[in-house]
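One letter stands for each residue in the lines below.
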Amino acid sequence: MTSPASSSEVKYLIESSEGNTFDVSGAALRQSNTFNAMFLNIGADGPIPFTDYNEATLKKVFEYCEHSVNEENYSGPKHQDDLSKWDLNFFNEMDQKMFIDVINASNFLDIERLTSYCCERIARMLRGKNTQEMIKVITLPTAEELEAKQKVEEKKAAAAKKVAEKAAETAEKTETLEELPVQQLVQTTRNKLTRKYLSFSNE
Amino acid sequence: MRFLNFPFLVYENILKHLEPRELLLFSFCSLKTRTLVSRMRHTPTYTIFILDKPEKMSYGFVEKPEKEQILLSWTWKKIAMESENLDNRTRLKLKDVLLDCRVTFHRKLNIPTLVCRCEDVSSRKRFATALHSHMCEVFHVKPEMQFKLSLDYMDELPYTNTVRDVTFLQSSVNSTVADEFFEKFHVTRALFSKRCVPDRLLKHSCKFLEIKNLFVDWSPWLDITLLLKVKCENIMFSSSTSVANDAHLIMDNFNLEAWDPEVDKIEYDEPVHDYCEELLYFLYDIKKYMLRSGILRRQSDGSRALDKTGSYCSS
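Residues numbered from 1 in each chain as written. Chains lettered and ligands numbered in written order. Predicted model: local features only at pLDDT ≥ 70, side-chain atom pairs only at ≥ 80, totals over all residues. Heavy atoms only, no water.

By the naming in an unreviewed UniProt entry, chain B goes by F-box domain-containing protein and is assigned to Caenorhabditis remanei.

Going by the annotation in an unreviewed UniProt entry, the name recorded for chain A is Skp1-related protein, with Caenorhabditis remanei given as the source organism. On record in UniProt, under Sequence similarities (unreviewed entry), the comment for chain A is "Belongs to the SKP1 family." (UniProt positions renumbered as here; feature names shortened; annotations may be inferred.)

Next comes the structure, spelled out in C-alpha cells:
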C-alpha cells in the first residue's frame, strides 16, 4: 500500500533488485532525503523501486531507520565510542560486503546518520596506520591491475572507434541515398557521368 | 574494501573524519588519494619546520603564533633498508623525490615519524622542500614558511628565500652564523628568541636589528646602545635594570609619551598580542609586584609600549 500521507502508520512497499517487495513504515522511510524528495509529496502508485540494491541490503538499511525513528534529529557525526549497544551490534553483525552495500544504499537514499556512522567506521580503520597499511585497507589497485585495466580500456576504446567509424560510413551512404533531395541526387549522378565521359573521351 | 569505488560523497565523508596528520599519510598513498585530499575544503594556514634535535625534523600547522600542531616528523638514520622486512617499508613519492622509510607513531601524541635511511644534505633538503610543496598543493597551505630551529642545524632547512617567522632555540653557534641565516633567508615578519638562546647569538649580530618584529624572551645583553639601533615596528623584551634606568632614552628613540591611565585602557588587541601572549601573561603576573608600570603611547601613530621596570613591550 502506498500513500502520500505523512502519518507514521502508513506503510510503503519497497521493491529490491530481485523484484521482491517488502513493507517499510513511513516514519522510517522519511529518514531518507531521497525518498522525501521523490515520493513523500507526490506519493507513489505501487511499490517504490530501489532496484539497484538487493533485498538483504535494503532490509538492513531500513532496520536501522526503523530503530532510529524515535531518536533526536541528526545533528552531526557522533563518535563511535558514543554509539549504543544496539548500534554496535548492528555494525558488527555485517560482513564487509554487506557493509559496503549498506554504505552505498545509505548514500543513495541519503540517510545522513547511517552514512556518517559508516564513514566514521571506515575512517577508524585508517587511523594509526602507515601508508602501506592504509593501501591494504582501502585496497588500491596494484600496478599489474592498473596495467590490465588500461589494456582493457584501450581495447574498448579501439572497438568503440571501429563501431563509430562503421556507423559514420553507413550514415554517409544512407545520407547520399535517402536524405539528399531527388533533384540533387540526379545532379550529382549526372556530374559523375559527365566526368567519366570526359575522361574517356580524353583517352 | 575498494575504497575508490565508493561514490564521491562517501569518500568525502570518510575523509572528513580523519585528522590532518592521517590525511597527510593518506595523501601519500597514491595520486588518486592525493587528489581526493586536495579536493577537500582546507583553511589556508601557515606551516612550520622545527629543527630542535640533530637529524630530526618536524613539520606542522601554525595554529597561533608560537603554537603548532605537528603533522609529521622524520629522522635520518644509518640503517640498511634492504635487510628490513619489506612489509614495514614505505615508499614515499613526492614530486621527484623517492624516499624509502619506515613509519612509526609517537606513543602519546600519535605523531607519525618517518625513519629514513641517511641521505646527503642536498637530498634531505630536497625532501623537506618537496614536502612543503606537497602541502601547498594538497592542503593549500600558505607558501611562505616558518622556522623554529637551533642554528646548529641550519644546513638542513628547505630551499627558500623568505621566511615569515623564525624562532631561535638553544645553539652553540655565534652571531656570524645568525647573520649568515638572515642573509640567506629574508625574515618578513618576526623573530622570536627563546630564553635558552645564548647571549652570543644575537649580541653581535647586525642583521637582526632590521627585522620588523622582535620578541626576545630574556636579553640581559640587549643594552641601551643596541636598543637604540633597532629599526623594528614592534619589540618585546625582558632586559636588565640598566635599560630600565635609561627608559627616557628608549621613550625618546621610539617617540613615546607617558601613558595616562585615566584616558587609556589596556586593550591587547594590537598585533603584539598575537605574537607573545605567554610573555604578556607573565608580565600581568608580575605586575602587582612592580612599583613602576604603565603604557607608553607614541602620538604620531598610536603605537604603545608596556613598561615594567626592566621589561618593555612596544607595539
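Once the structure has been displayed, the description carries forward.
1. Observations regarding the overall build of chain A
Each helix and strand counted, chain A has nine helices and three strands in total. Start at the N end of chain A and walk to the C end: the helices and strands fall as β-β-α-α-β-α-α-α-α-α-α-α. The buried share of chain A, reckoned over its 203 residues, is 32%. Looking at chain A alone, contacts between residues at least 24 apart form 61% of all its contacts between residues at least 6 apart. Split by element, the accessible area of chain A, about 13000 Å² in all, is 52% carbon and sulfur. (Helix = DSSP H or I, 4+ residues; strand = E, 2+ residues; numbered from the N terminus. Buried < 20%, exposed > 50% of the residue type's maximum accessible area, 1.4 Å probe, protein only. Contact = heavy atoms within 4.5 Å. Areas by Shrake-Rupley, 256 points an atom, 1.4 Å probe, with all protein chains shown as cover.)

2. Points about the environment of Asn92 of chain A
Here Asn92 of chain A is to be found in helix α4 (residues 85-93). Polar contacts involving the side chain of Asn92 of chain A include one to the side chain of Arg121 of chain A, which spans 2.6 Å. (Polar contact = N/O pair within 3.5 Å; in protein donor to acceptor, adjacent residues only side chain to side chain.)

3. Here's the deal with the sheet that holds strand β3 (residues 48-49) of chain A
Residues and elements named next belong to chain A. Read across the open sheet, the three strands follow the order β2-β1-β3; overall the sheet is mixed. Each of the sheet's edge strands pairs with one partner strand only, and the pair in question is β2 (21-25) and β3. Here strand β1 (residues 11-15) runs beside β2; their pairing, made up of five bridges, is antiparallel. Bridge pairing in β2 links Lys11 to Ser25. Strands β1 and β2 of the sheet are contacted by helix α3 (residues 55-67), whose axis makes an angle of about 10° with β2. (Pairing = 2+ DSSP bridges. Axes fitted to C-alpha atoms, helices over the stretch in contact; angles between N-to-C directions.)

4. Some details on the packing of aromatic side chains
Two measures describe an aromatic ring pair: the distance that separates the ring centres and the angle between the ring planes. According to the stated counting rule, one finds 21 aromatic pairs over all chains in the structure shown. Relative to Trp86 of chain A, the ring of Tyr64 of chain A has its centre 6.1 Å away and its plane inclined at 50°; by these criteria the two rings are tilted. Here Tyr64 of chain A is found in helix α3, whereas its partner Trp86 of chain A is found in helix α4, with 22 residues between them in sequence. Under the relative-accessibility criterion, Tyr64 of chain A is labelled buried at 0%. We classify Trp86 of chain A as partly exposed; its relative accessible area is 28%. Each ring, one from Phe168 of chain B and one from Phe182 of chain B, has its centre 5.7 Å from the other, and the planes form 50°; the classification is tilted. One end of the pair, Phe168 of chain B, is in strand β8 (residues 162-168); the other, Phe182 of chain B, is in helix α5 (residues 175-184), with 14 residues separating them in the sequence. The buried category is assigned to Phe182 of chain B, whose relative accessible area is 10%. Grouped by ring-pair contacts, the aromatic residues Phe49, Tyr59, Trp74, Trp76, Phe127, Phe147, Phe168, Phe181, Phe182 and Phe185 of chain B constitute a single cluster. Positioned above the aromatic ring of Phe22 of chain A is the side chain of Lys59 of chain A, whose terminal nitrogen or guanidinium carbon lies 5.5 Å from the ring centre. (Phe/Tyr/Trp six-rings, centres within 6.5 Å; stacked < 30°, edge-to-face > 60°. Lys NZ or Arg CZ within 6 Å of the ring centre and 35° of its normal.)

5. Concerning the interface of chain A and chain B
Listed per partner, the contact involves 29 residues of chain A and 26 residues of chain B. Together chain A and chain B conceal approximately 2500 Å² of surface at their shared face, both sides included; 67% is due to carbon and sulfur atoms. Seen at the junction of chain A and chain B, the total is one salt bridge. Inspection of the chain A/chain B interface yields two residue pairs in polar contact (both at pLDDT 80 or more). Breaking the side of chain A that touches chain B down by element, the ones donating at least two residues are α5 (96-109), α6 (112-126) and α7 (131-138) of chain A. Ranked by residues supplied to the side of chain A that touches chain B, first place goes to α6 of chain A with eight residues. (Buried area = accessible area lost by both parts, 1.4 Å probe. Salt bridge = Lys/Arg side-chain N within 4 Å of Asp/Glu carboxyl O.)

6. So, the pairing of strand β11 (residues 234-238) of chain B
Residue and element names in this part refer to chain B. A large share of β11 lies buried, amounting to five of its five residues. Going residue by residue along β11, you find Asn234, Met236 and Ser238 tucked away on one face and Ile235 and Phe237 tucked away on the opposite face as well. Pairing of strand β10 (residues 213-216) with β11 involves four bridges; the strand directions are parallel. Pairing of Val216 across the sheet is with Phe237, part of β11.

7. Section: helix α4 (residues 121-138) of chain B
Along an α-helix, residues three or four positions apart point the same way, because every turn accommodates 3.6 residues. Residues and elements named next belong to chain B. Here α4 is 18 residues long and its end C-alpha atoms lie 26 Å apart, about the 26 Å a rise of 1.5 Å per residue gives. Within α4, burial applies to Ser123, Arg124, Lys125, Phe127, Ala128, Ala130, Leu131, His132, His134, Met135 and Val138. Backbone geometry just after α4 places His140 at a positive phi near 55°. (Expected span 1.5 Å × (residues − 1).)

8. Overview of the packing of helix α3 (residues 31-39) of chain B against α4 of chain B
Residues and elements named next belong to chain B. At a minimum axis separation of 8 Å, α3 and α4 run at an interaxial angle of 55°. For the element pair α3 / α4, the angle class is oblique. Contacts between α3 and α4 involve Arg34, Val37 and Ser38 from the former and His134, Glu137 and Val138 from the latter. Here the contact of α3 with α4 is built from residues that sort into two nonpolar, two polar and two charged. (Parallel < 35°, antiparallel > 145°, perpendicular 65-115°, else oblique. Nonpolar A, V, L, I, M, F, W, Y, C, P; charged D, E, K, R; others polar.)

9. Brief notes about the pattern of salt bridges
The full count for this structure, using the stated rule, is 14 salt bridges over all chains. In this structure, the salt-bridge partner of Asp101 of chain A is Lys97 of chain A, at a minimum N-O distance of 3.1 Å. Note that Asp101 of chain A and Lys97 of chain A are positioned in helix α5 at a spacing of four residues, about one turn of the helix. Between Arg124 of chain B and Glu156 of chain B there is a salt bridge, and its shortest N-O distance comes to 2.5 Å. Of the two residues, Arg124 of chain B is situated in helix α4 and Glu156 of chain B in the loop between β7 (145-149) and β8; the sequence distance between them amounts to 32 residues.

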